[in-house]
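# Breakdown of the fold
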Amino acid sequence: MPDSLTLRVNGREVTVPRGSMVSAAVALSGAAAFRRSVTGEPRGPLCGMGICFECRVTIDGREHVRSCQEPCRAGMNVEVGQADSAQNVSASTNGAAQSRYDIVVVGAGPAGLAATRCARETGASVALLDDNPAPGGQIWRAMVSNSAEALISSRVVAAPAPGHLTIETASGTLDLAYRCLILATGARERFLPFPGWTLPNVMGAGGLQALAKSGLPIAGKNVIVAGSGPLLLAVAKYLRDHGAHVRLIAEQASHPAVIGFALRLAAHPQKLAQAIQLRASLAITRHLTSCWPVRAEGRERLEAVTLRRRDLTWTEPCDYLACGFGLVPNTELAALLGCRLAGGAVAIDEMQQTSVAGIYAAGEATGIGGLELSVVEGEIAGYAAAGSLAAARARFSARQTHRHFAALLDRAFALREGLRHLAGDDTLVCRCEDVTLGRVRACTGWREAKLHTRCGMGPCQGRVCGGALEFLQGWHADSTRPPVFPARLNTLTGDRRNVSR
Ligand SMILES: Cc1cc2nc3c(=O)[nH]c(=O)nc-3n(C[C@H](O)[C@H](O)[C@H](O)COP(=O)(O)OP(=O)(O)OC[C@H]3O[C@@H](n4cnc5c(N)ncnc54)[C@H](O)[C@@H]3O)c2cc1C
Ligand code: FES
């Protein structure tokens, strides 16, 4: 089988390596804008993981397809750069199939994979599903083979009755019935608005990494990596290893905070070794603490970034800005199911069970703690949901160790007050509906902002502006309503055909 394939983007032939996502083909075609916003601004991918909906294109006549989640196929016709209406969601006439499992695991990242492995060990019937086109989650994106037996490109959009989920796939709708449910929905990046942040090629840090893993050609590009947290180093190394010129890593945390974090890693020898290795591999890359972007500039796409460090402000030309200010747990599905949230994450007991009996949660949806904590939480949830409580208890001490690391991370990379002033009144905060921060600030809270400005009402359903407004205004989403992701009309209302397994 040839290792490349050819498709068309706006009528132009583009050849990409097999396995690339459509987002990579669009970038290779030279198109700057993937879509136009409701006020006509050029937009391109931001998150690289299917949550921002900024990379929407039309594929073979299907509108609003997220190009970062859609694998390229030979002969595909992709249309980009069109004016877009956020409310215009296409309908289809697919039927629905129904299946019943002991345990359903939502999310095939490290936590969900671990939960599935442990639950299957006990003989339980387990369905694992993920919105992404391959299992692996954010860190092992497409590196895990389909032997994990996951229902891929399948996302939970609603929970029509206790013990039932509505799943939307590319080809139809599935009703899954479960005895126990494990939510391993992970986290997304926190994006903070600043002037110019909506320009194409301003992306999340993990977002640019995800897009590069999906085939975006990055070799020879000038990149600035900015924001906060150890993810910046991992991203910088990945991009550099793939031929990008990483001009600068700008970390908002102070030098003492970063050094203090490194010293405390002595309690976590494996993490310390990883950190030393990562830092050494980036020894010749400029790494500035107490530094962050204040403006992105360019016409149809990013051309330069203005940064600030203490009293100094300067401008660096670049092709990409990879910018993320830490991670935010994905709690929408848990909230829809009535699970209690605490501190912005899903609240759990010692067995990883949520406040709703039979619903468990694991990994970064329960709080940001890194890969190892996600895996051990997944193991505990998998065993506990399957009734193997002794096996679950045997993992408690490992979880405690990794929780200590999570607390260190949280303290060291807390966002500084000064970042609250990055956006001005005329800076867009809601990218789906093009709502400025000034309009949102005139409201008393989330509910009023939604009603009066449509902030958070577009396809990302507040996943981008919600994390920003939590930091900027101290607002938390007041409720989650179905669908938790934009869905086809008949997924929610339609023609259902029940097929038993
Ligand atoms: C963008 C990004 C990049 C990262 N890069 C690195 C890195 O390079 N190195 C590192 O050490 N750590 C990285 N991390 C952190 C790392 O991903 C986590 O520590 C770890 O992967 C968390 O595992 P998890 O299983 O909890 O979640 P994830 O790996 O995030 O997996 C959650 C999965 O749930 C799926 N999902 C969510 N909602 C639904 C739904 N409704 N229906 C169906 N599926 C759903 C998602 O598609 C996703 O695949 C990154 C995190 C992010 C957000
Ligand atoms: S870049 Fe595709 S959804 Fe965000």
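Each remark here, short or long, concerns the structure printed above.
Our subject in this report is the structure included herewith. For every chain, the first residue of the written sequence is number 1, and numbering continues from 1 onward in sequence order. Think of it this way: whatever chain is written first is A, whatever ligand is written first is 1, and the rest follow in order. At least 70 in pLDDT is required for a residue's local features to be given in this predicted model, at least 80 for side-chain atom pairs to be given and counted, and no such filter applies to totals for whole chains, interfaces and linings, which use all residues.

Taking 1.5 Å per residue, 15 residues should reach 21 Å; helix 8 (residues 371–385) reaches 21 Å between its end C-alpha atoms and fits that length. In terms of burial, helix 8 is a largely internal element, 13 of the 15 residues being buried. The positive-phi residue at the C-terminal boundary of helix 8 is G387, with phi of around 90 degrees. In DSSP terms, a helix is any run of H or I states spanning at least four residues, a strand is any run of E spanning at least two, and both are numbered starting from the N terminus. Every helix has an expected span of 1.5 Å times one less than the residues it contains. Exposed residues have 12 or fewer other C-beta atoms within 10 Å of their own C-beta, buried residues have 20 or more, and partly exposed residues fall in between, where C-beta atoms are placed from the backbone.

All right, on to the environment of R308 then. Looking at the element boundaries, R308 is found in strand 21 (residues 304–309). According to the C-beta neighbour criterion, R308 is partly exposed, with 17 such atoms within 10 Å. C-alpha separation for the pair R308 and W292, spaced 16 residues apart in sequence, amounts to 5.7 Å. When sequence neighbours within four positions are dropped, the list of residues in contact with R308 reads C291, W292, V294 and T313. The contact criterion used is a C-beta to C-beta distance within 7 Å, with each C-beta placed from the backbone.

Turning our eyes to something else, we now look at the packing of helix 4 (residues 231–241) against helix 6 (residues 269–281). A fitted line through C-alpha atoms represents every axis, and for helices the fit uses only the stretch in contact; the resulting angles, taken between N-to-C directions, go from 0 to 180 degrees. Two elements in contact, helix 4 and helix 6, have axes separated by 10 Å at closest approach and are oriented at 50 degrees. Judged by the angle between their axes, helix 4 and helix 6 are oblique. Where helix 4 crosses over helix 6, the handedness of that crossing is left-handed. For the pair helix 4 and helix 6, contact is made by L233, A234 and K237 and by L278, R279 and S281, respectively. Partitioning the contact of helix 4 with helix 6 into residue classes produces 3 nonpolar, 1 polar and 2 charged. Any angle that falls under 35 degrees is termed roughly parallel, while one over 145 is termed roughly antiparallel, one within 65 to 115 roughly perpendicular, and all others oblique. By definition, any crossing whose near helix is turned counterclockwise from its far helix by less than a right angle is left-handed, and any crossing with a clockwise turn is right-handed. Polar here means any residue other than Ala, Val, Leu, Ile, Met, Phe, Trp, Tyr, Cys and Pro, which are nonpolar, and Asp, Glu, Lys and Arg, which are charged; Gly is therefore polar.

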